[in-house]
Amino acid sequence: MTLVVIESPYSGKYREANIAYARRALRDSIDRGEAPFASHLLYPQVLDDTKRKLRRLGLSRAFLWYEQAELMAVYMDLGTSAGMTEGLQVARKLGLPVERRWLDK
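Residues numbered from 1 in each chain as written. Predicted model: local features only at pLDDT ≥ 70, side-chain atom pairs only at ≥ 80, totals over all residues. Heavy atoms only, no water.

Asker: Could you clarify how one ought to interpret the overall build of the chain in this entry?
Answerer: Helix and strand counts for the chain come out as four helices and four strands. Secondary structure of the chain in N-to-C order comes out as β-α-β-α-α-β-α-β. The C-alpha atoms of the chain give a radius of gyration of 13 Å, which matches the 13 Å a tight globule of 105 residues would have. By principal-axis analysis of the C-alpha atoms, the chain measures approximately 35 × 30 × 20 Å. Of all 105 residues assigned to the chain, the portion counted as buried reaches 42%. Restricting the contact set of the chain to residue pairs at least 6 apart, pairs at least 24 apart contribute 73%. Carbon and sulfur atoms make up 53% of the accessible area of the chain, which amounts to about 6,400 Å² in all. Across the chain, the mean location of the 17 positive side-chain charges is 6 Å away from that of the 13 negative side-chain charges. (Helix = DSSP H or I, 4+ residues; strand = E, 2+ residues; numbered from the N terminus. Rg over C-alpha atoms; globule rule 2.2 N^0.38 Å. Buried < 20%, exposed > 50% of the residue type's maximum accessible area, 1.4 Å probe, protein only. Contact = heavy atoms within 4.5 Å. Areas by Shrake-Rupley, 256 points an atom, 1.4 Å probe, with all protein chains shown as cover. Lys, Arg positive; Asp, Glu negative; His and termini not counted. Charge placed at Lys NZ, Arg CZ, Asp CG, Glu CD.)

What follows is the structure, encoded as structure tokens:
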């Protein structure tokens, strides 16, 4: 079973819609037989994403998971956020393969 990091937008003006989309992305990954991890659905439950220091803390913890993953799945229907771009940079540094995906094609 492939360990997959999920990337999709989270914060911003459409946060609730982004959360719903991230849940759909997580389900899509599960339906593909993968073992996904979506840090942006987990860490904001205990760390206030609107506070820079706590956001950085969450991102630093998420990036540790990238080291264990076998693939990054970037869900593209809603575009790419600054957080996603940073995650992609970390993935590239680690040599983590990146796959772009769409749910609403």
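Asker: Explain the side chain of S8 to me, please; I cannot follow it from the model alone.
Answerer: In this fold, S8 is placed in the loop between strand 1 (3-7) and helix 1 (15-31). Within the structure, S8 has its side chain in polar contact with the side chain of H40 (distance 2.8 Å). (Polar contact = N/O pair within 3.5 Å; in protein donor to acceptor, adjacent residues only side chain to side chain.)

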